[in-house]
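Observations on the three-dimensional arrangement
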Amino acid sequence: MNLLVVLPILVALGALRLLKAGLLAWMIALWMAIYLTLRYGFAVPIPASVITLYMGITTMALATYVLSSRERFASCSRPLIALVVERRLRTLLIVVVLGLPLLVAARIYTNMSQPLQPPSFARTVHPAPPSEPITVRGQTFDLNAVENPFRNLEKSDPSQFRVHVENGRRVYYQNCVYCHGDNVQGDGLFAHGVNPIPTNFRDSGTIAMLQEGFLFWRIAKGGPGMPGEGGPWESAMPAWENFLTVDEMWDVILFLYDHTGQRPREVEEHAK
Amino acid sequence: MKNAAWKWIVLVAPFVMLLPEPAAAAELELGTDAQQKAGKVVYERYCSQCHGTEGDGKGYAASHLRPRPRDFTSGKFKIRTTPSGALPTDDDLRRVIRDGMPYTTMIGWPNLSDQDVTNVIYYIKTFTKDFKNRDYYAQPIAIPEPPPHDADSAKKGREVYLQMECHRCHGDQGRADGASAPSLVNDAGEPILPADLTKRWTFRGGPARRDIYRTFSTGLNGTPMPSYADSLTDTQRWQLVDYVYSLGAADTPNYAERVVSRSIADDLDMTKGEALFDGAEGAFLPLFGQIVEPGRAFHPNATGIEVKAVHNREHIAFLLRWNDMRADRTGENSPALEAPETTETVEEAASQASSTEESDPFADAVEPEVAGDATDDFFSDDGSAETASGGEAGFSDAVAVQFPAALPDGIRLPYFIFGDPDNPVDIWFADLAKPAPQRFVGRGSRSVAPGNPDGLEMTASYDAGVWSVIFKRKRRQEDAMAIEGGQWYPVAFSVWDGLSGDRGNKRALTRWYYIYVEPAETVGPLRPMAKAAVATFGIEIVLIALIRRKHKNGVSIPPTNP
C-alpha cells in the first residue's frame, strides 16, 4: 500500500462527510477515490486491463445504487438539470460544454503519440507439467510422483549429500552461470539478450514454490519442451538432456536449493 | 660508561615504546586469523566456483570464461588506484567486489555485508606472499577533479592516441581492431582482448572520465595495457580521456526493444551505401552466445548489432553494422555447417595454464606482448588449432537476418534458433567471403537447407573495425512472407566471427525482435482529434436541447431528502 496516496484520499472523503456533500458529489468522489487507489495506491502497479475491469464493476455498482431509488436518482439528476437549465449557471455550462470535447481530443492525442509498442505475449511463467510420464535419456519419469533420488541422503548420509551438492555446483558454474548468474539471481552475462529473462532462484516466488520434479522437467526439456502457453519458441532455456546426465540434473537441483537456503515444495502424499 | 648506557636505556625506553609504529607497517592490513577464516567461508561460498579454492583462477567455470577469472596467486590486479605494478588498496578490491566488472561474469556483490567483504579481502590476500611484502605497496595516485569535456581537447587527444600507438591494439577508430589485437596475451600467457573504445559500458574499470583517467595513470597490471603516468603529462592524459570519451555515444548501450523500417519514396539504391538509411531509426540489439543447442559459443566476440531499415513500395532494405576485430574474407561459412561441441574440461585448462611460468609483478608491460599461436586458444573453446583455423582456408565472417517463413498464425512463432519442424524460418545469409547472398530455410538448428536466393541482393564493406552489410529484397515475393505497411514482423539476427571459428550453431545471435514497417502515408493526430471533439460537442448540444425542452419551466422535480 502506498500510504502517501491512500491517506489523502481518506482525508478527502472525510472532508466530504463534514461538508455534507450531495449524493452526486459523493458518487463522483467515490468513483475517483477507487480509481486513484487502484492506479497509484499500490506499491506493485496493477495492470491497466485489470483497472479497467474494476472500474467497470465500480461504475455499475454506483449506477445501480443511484438508479435503485427514485429519490436517489432525483437528487443526482437535479444538479445536472439545474446546470443545463438555470441562467445563473450559464458560464459554468459553457466551460463544461467546451471543456469536454477538449478532454476527448487530448485523450486521442495522448493515445496516438504513445511510442510504438511491439506485440507482446502474456506467457505463463510456470506452465503445468505434462500429466503423461516424460522420457529423459531413456528413463521414464512420472512428474507427479517423482522425487530427487539424492534428497534422502541429506539425512541418511550427509557427507555423500555434500558430494552431490558439490557436483551440482560444478554443473551450475559450467553451464547455467551464463544466464542465471554467479549469484543464481538471473543476472548472468547473457541475461540482457534473452526474453523471457532467466529465473532468479533467490526469489522466494520461484523454486521454493515448486517441486523438484517440476525443476527436473524444466531442466531436462528446456524452452522447446514447454507447452504453448509458456512460449516455447522464445525461451532460451536449453533442453539440458542434450548436455547433462540425469544424475547431473538432480545434483544441480540439490545445489540450487542448498545454495539459496530454500526448500522444495513437498510432493503430495496421495501422488506417491 | 656501563652505568651511563643503562641510564640512557632506562630513560629513553618508555618513550620509544610510545612512538607510533612505522608508517609502512601500518599498511599491512592482513586481518586477524579469525577474520581470514571468516573470509574463507565467504570466499568458498561465493567466489571459489570461478576463482578456485586455491585462488588460482581455476574454478569450475573458468574454462569457458573470457576474460578468465582473476588468479589471486599472481598478485596482479587490473583495476587499482595505485601505480603500475603495485598492489591494490583495500578500497580498490572492495570497489570491484561491490560493483563488479561490466561485461564479465564478475558481477557486483551488493548483498554481502561490509564485514563479509572486508574478511574476504583479508582471505584473498593470503593467496600470495606479495601482500606481506612492503615493497609491493604504494600510495594511491591522485585523481584530480575532471576538467569539463571539450571537443578541442579531444582533438589533441587524437594526436596523443596516435603518438602513443594506442591504435596498434585498440584500432584507428577505437573498435579494438588494431593489428596486434587478435594476438595479445596477458602475463600468464592467456589471450586477452583490447577494450572496444566505442563501447565504454564494457570498460572493466567503469565508463566515467575519471575511471578512464585512472586506467591511463595506473595501467592494468598483468595485461599489455601500460601506465602512462610517466610518459604523458596530466593534461595529455585528460586529452586522451576526452578523445576516448568522444569515440562512444553513451555510458550505457541503450539497447532497443524494436526496429522501425522507414518509408521512403525514392529507389532503394544500394550504391548509396549507408547514406540510403539516413533518417532511419537505429536499433542497437544485444547479441549473446548461442549456448542453447550443441555447438555452443560461450564467449562470442560480437556483443551487439546495429540495425536500420528502410522501404519503398517495392523493396525493403536492412543495414547491419557490428564491430569485428578482423575481417575474415577467406574460407567459407554457412548456417548449415556442423559446429563441434566444446569438450575442454577444467583439468585440461588447468594443466595448460600451469605450464606458463611466473613473472615479476613489477615487470613493465609497455610493449604489448604478442604470441603468435595464442589466437586459437582464445577464440576456440576446445583449444585445438584445427577448430579455429577451420582446416585449410578457415571460416569467414558471416551475418544473417531471420524471418518466419510464413506470417505467424496468432502468437505462435518459429523457435528463435533457426525455427522448428512445424514452423520454418527464412534466413537471409551473407557469407562475407562471397559476393552474393544466400538464402536458407531453417526447420531447427540441425535442419537448415539451402533456399532460393533469387530476388535477394547484398553489399558488404569493412572499414576500421566495423562490418557494414546491406540486404535488399522485394516486399512481396512468391516464396516468402509478404512485408506490408503498418504491420509488425518478428525478426532475429546472427553474427559469425571467422576468427573465433564460428560456423553453424557456434555464433552470436539475438532473440526475436519485432520490426514495424511504417505505412506509406502516416495519419497525423489532428484529424481524428477534431472529429472526436466535434462529435462530443454535437452530443452535448442535443442533450442540452432535450433537457431544456423537458424542463422549460425550471427544475420541476420536487426536492427530496436522500
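Scoring rules and cut-offs
- For every chain, the first residue of the written sequence is number 1, and numbering continues from 1 along that sequence.
- Here the convention is simple: chains get letters from A, ligands get numbers from 1, in the order in which they are written.
- Thresholds applied to this predicted model are a pLDDT of at least 70 for local features of residues and 80 or more for the giving and counting of side-chain atom pairs; totals over whole chains, interfaces and linings are not thresholded and use all residues.
- Note: domain ranges come from an automatic or database domain assignment.
- The convention used is that axes are lines fitted to C-alpha atoms, helices contributing only their stretch in contact, and that angles between N-to-C directions extend from 0 to 180 degrees.
- Segments assigned H or I by DSSP are reported as helices when at least four residues long, segments assigned E as strands when at least two residues long, and all are numbered from the N terminus.
- Oblique is the label for every angle not falling under 35 degrees (roughly parallel), over 145 degrees (roughly antiparallel), or within 65 to 115 degrees (roughly perpendicular).
- In this scheme, a crossing is called left-handed if the near helix is turned counterclockwise away from the far one by less than a right angle; it is called right-handed if the turn is clockwise.
- Residues are scored as being in contact if the C-beta atoms we place from backbone atoms lie within 7 Å.
- Gly falls in the polar group here, along with every residue not listed as nonpolar (Ala, Val, Leu, Ile, Met, Phe, Trp, Tyr, Cys, Pro) or charged (Asp, Glu, Lys, Arg).
- Field definition: a residue is buried when 20 or more other C-beta atoms are found within 10 Å of its C-beta, exposed when 12 or fewer are, and partly exposed for counts in between, with C-beta atoms placed from the backbone.
- Whether two strands pair comes down to DSSP finding at least two bridges between them.
- The span one expects for a helix is its residue count, reduced by one, times 1.5 Å.

Moving on to the domain arrangement of chain A. Under the domain assignment used here, chain A contains domain 1 (3-112) and domain 2 (134-271). Placing a centre on the C-alpha atoms of domain 1 of chain A and another on those of domain 2 of chain A gives a separation of 51 Å.

This part is about the packing of helix 9 (residues 209-218) of chain B against helix 10 (residues 234-247) of chain B. Residue and element names in this part refer to chain B. Closest axis-to-axis distance for the helix 9/helix 10 pair is 9 Å, and the angle between their directions is 125°. Looking at the two axes, helix 9 sits oblique to helix 10. Relative to helix 10, helix 9 is oriented so that their crossing is right-handed. Residues Arg209, Ile212, Tyr213, Phe216 and Ser217 of helix 9 form the contact with helix 10, whose participating residues are Arg237, Trp238, Leu240, Val241, Val244 and Tyr245. Partitioning the contact of helix 9 with helix 10 into residue classes produces eight nonpolar, one polar and two charged.

The next point concerns the environment of Tyr40(A). All names here are of chain A. Examined against the element boundaries, Tyr40 turns out to sit in helix 2 (residues 23-40). Accessibility expressed as a C-beta count within 10 Å gives 14 for Tyr40, which makes it partly exposed. Sequence spacing of Tyr40 and Asn2 is 38 residues, and the spatial spacing of their C-alpha atoms is 7.3 Å. Once you skip the residues sitting within four places of it in the chain, Tyr40 turns out to touch Asn2 and Val5.

Our next topic: the pairing of strand 14 (residues 513-517) of chain B. Residues and elements named next belong to chain B. Of all five residues in strand 14, four are buried; the element is thus mostly enclosed. Looking at chain direction, strand 1 (residues 258-263) and strand 14 are connected through four bridges and run parallel. Considered in strand 14, the bridge of Val260 is made with Tyr516.

This brings us to the packing of helix 7 (residues 158-180) of chain A against helix 9 (residues 246-260) of chain A. Working note: a packed helix pair is described by the angle between its axes plus the distance between those axes. Residues and elements named next belong to chain A. The geometry of helix 7 relative to helix 9 is characterised by a closest axis approach of 7 Å and an angle of 95° between their N-to-C directions. In this view, helix 7 runs roughly perpendicular relative to helix 9, as classed from their interaxial angle. Here His164, Val165, Asn167, Gly168, Arg169, Val171 and Tyr172 of helix 7 come into contact with helix 9, specifically with Glu248, Asp251, Val252, Ile253, Leu254, Phe255 and Asp258. For the contact of helix 7 with helix 9, the class distribution of residues is seven nonpolar, three polar and four charged.

Bringing the interface of chain A and chain B into the picture now. Contacts between the two partners involve 47 residues from chain A and, on the opposite side, 49 residues from chain B. Those elements giving two or more residues to the side of chain A that touches chain B turn out to be helix 4 (70-85), helix 5 (90-112) and helix 7 of chain A. Classifying every residue of the side of chain A that touches chain B gives 29 nonpolar, 10 polar and eight charged.

We now examine the environment of Thr91(A). The residue Thr91(A) is located in helix 5 in this model. In the structure, Thr91(A) is positioned 24 residues away from Leu67(A) in sequence and 29 Å away in space, judged by C-alpha atoms.

Glancing now at helix 10 of chain B. Each turn of an α-helix holds 3.6 residues, which means side chains three or four residues apart point in the same direction. Residues and elements named next belong to chain B. The first and last C-alpha atoms of helix 10 sit 20 Å apart over 14 residues, in line with the 20 Å expected at 1.5 Å per residue. Burial of helix 10 is extensive: 10 of the 14 residues sit out of reach of the surface. Within helix 10 the residues assigned to the buried category are Arg237, Trp238, Gln239, Leu240, Val241, Asp242, Tyr243, Val244, Tyr245 and Leu247.

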